[in-house]
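# Structural overview for review
Each chain, letter by letter, is given below.
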Amino acid sequence: MDALRDGFAGMDGPGVQRLERHACFGGFQDVYRHRSGALDCDMTVGVYFPPRAAVAPCPVLYWLSGLTCTEQNFITKAGAQRYAAGHGLVLVAPDTSPRGDGVADEDRYDLGKGAGFYVDATQAPWSRHYRMHDYVARELPAWIESHPAVAGDARAISGHSMGGHGALVMALRNPGRYRSVSAFSPIVAPSRVPWGELAFATYFGADRAAWREWDASELVAAAAERLPLLVDQGDADEFLATQLRPDLLREACAAAGHPLTLRMQPGYDHSYYFISSFIGEHVAWHAAALRA
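Residues numbered from 1 in each chain as written. Predicted model: local features only at pLDDT ≥ 70, side-chain atom pairs only at ≥ 80, totals over all residues. Heavy atoms only, no water.

### Overview of the pairing of strand β3 (residues 41-49)
For clarity, the cut-off: Each residue's exposure class comes from its accessible area (1.4 Å probe, protein chains only) as a fraction of the maximum for that residue type: buried when under 20%, exposed when over 50%, partly exposed otherwise. For the purposes of this entry, the term helix denotes a DSSP run of H or I that reaches at least four residues, the term strand denotes a run of E that reaches at least two, and both are numbered from the N terminus. A pair of strands counts as paired when DSSP detects no fewer than two bridges linking them.
In terms of burial, β3 is a largely internal element, 8 of the 9 residues being buried. Relative to β3, strand β2 (residues 27-36) runs antiparallel, the two sharing 9 bridges. Residue pairing for β3: D30 is matched across the bridge by V47. Judged from the 4 bridges that link them, β3 and strand β5 (residues 90-94) form a sheet pairing that is antiparallel. Paired with V45 across the two strands is P94, which belongs to β5.

### Describing the side chain of H34
The following threshold applies: Two N or O atoms count as a polar contact when they lie within 3.5 Å, although within protein this holds only if one can serve as hydrogen donor and the other as acceptor, and sequence-adjacent residues are included solely when both atoms are side-chain atoms. The criterion used for residue contact is that any of the two residues' heavy atoms lie within 4.5 Å.
Of note, H34 is situated in strand β2. Residue classification places H34 among the buried positions, given a relative accessible area of 4%. A distance of 2.8 Å separates polar atoms of two side chains, one belonging to H34 and the other to Y135. If sequence neighbours within four positions are ignored, H34 has contacts with G15, V16, C41, D42, M43, V45, Y135, L140 and W143.

### A closer look at the packing of helix α3 (residues 80-87) against helix α11 (residues 272-291)
Inclusion rule: Angles here are taken between N-to-C directions and fall from 0 to 180 degrees, while the axes themselves are lines fitted to C-alpha atoms, restricted in helices to the stretch in contact. Oblique is the label for any angle not under 35 degrees, not over 145, and not in the 65 to 115 range, which are roughly parallel, roughly antiparallel and roughly perpendicular in turn. Each crossing gets its hand from how the near helix is turned against the far one by less than a right angle, where anticlockwise is left-handed and clockwise is right-handed.
Direction vectors running N to C along α3 and α11 enclose 25°, while the axes themselves pass 9 Å from each other. Taken together, the axes of α3 and α11 lie roughly parallel to each other. Relative to α11, the crossing made by α3 is right-handed. Contacts between α3 and α11 involve A80, Y83, A84 and H87 on the former and, on the latter, I279, G280, V283, A284, A287 and R291.

That is the geometry; function is a separate question.
See the structure below:
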């Protein structure tokens, strides 16, 4: 179809530009820049169109990346396009945070640009731009799902590390929006680990009660929807005991009766070698839910 050939370049309202296009497993891996009102800056996002999108609208799987990453890490390292092509899924991988000269930042990897934590900040100066939850949950899907190759009523979400936290929180805070959710090495209890404590104190201030609204291990207790959680975690991950703490999510889900499949994978670390080893299983998990 002409719409697939043109991609979003054929729907380019103000501030939309295609930066890359690569033929990939019978479809196209694109990268776009667009203006975000929620974040008040330009954002980049990778979009993979599978070959099936040329003849029928396809469900969409959103991927949220981790600290220091951009859309490039997932689209160049995970190898997910092969599986998305086979299952007929559109893959959407946004950047991890707002960018630009006027965006607040810190001279460290775990705060500011590259570390948006998929939350809506309330503290100045962060609150002006750091509204990644609003962007991922509402603004980005409204744009992506307006494309005729995308089935707007069938969406799933996944992510890695900080992005795994983002995926779990997006699903738990927005019941009915996603048909499935999964995560690799997620930060499951950010209000109780150093990465999360730093980010939350900066973006929300000192009130720890506000932090709990962005913590998956806290949200499962009152979840309005019992959407099953799939989590893969490497047991050789250098951040396992200090930053990730999957045991806290296991305990919270057991107490709440929330369905959780937590798979500890022997010998795997925190890298994309781990993700690429199991991404096919995650894509198949989401494809089954999106077909249901």
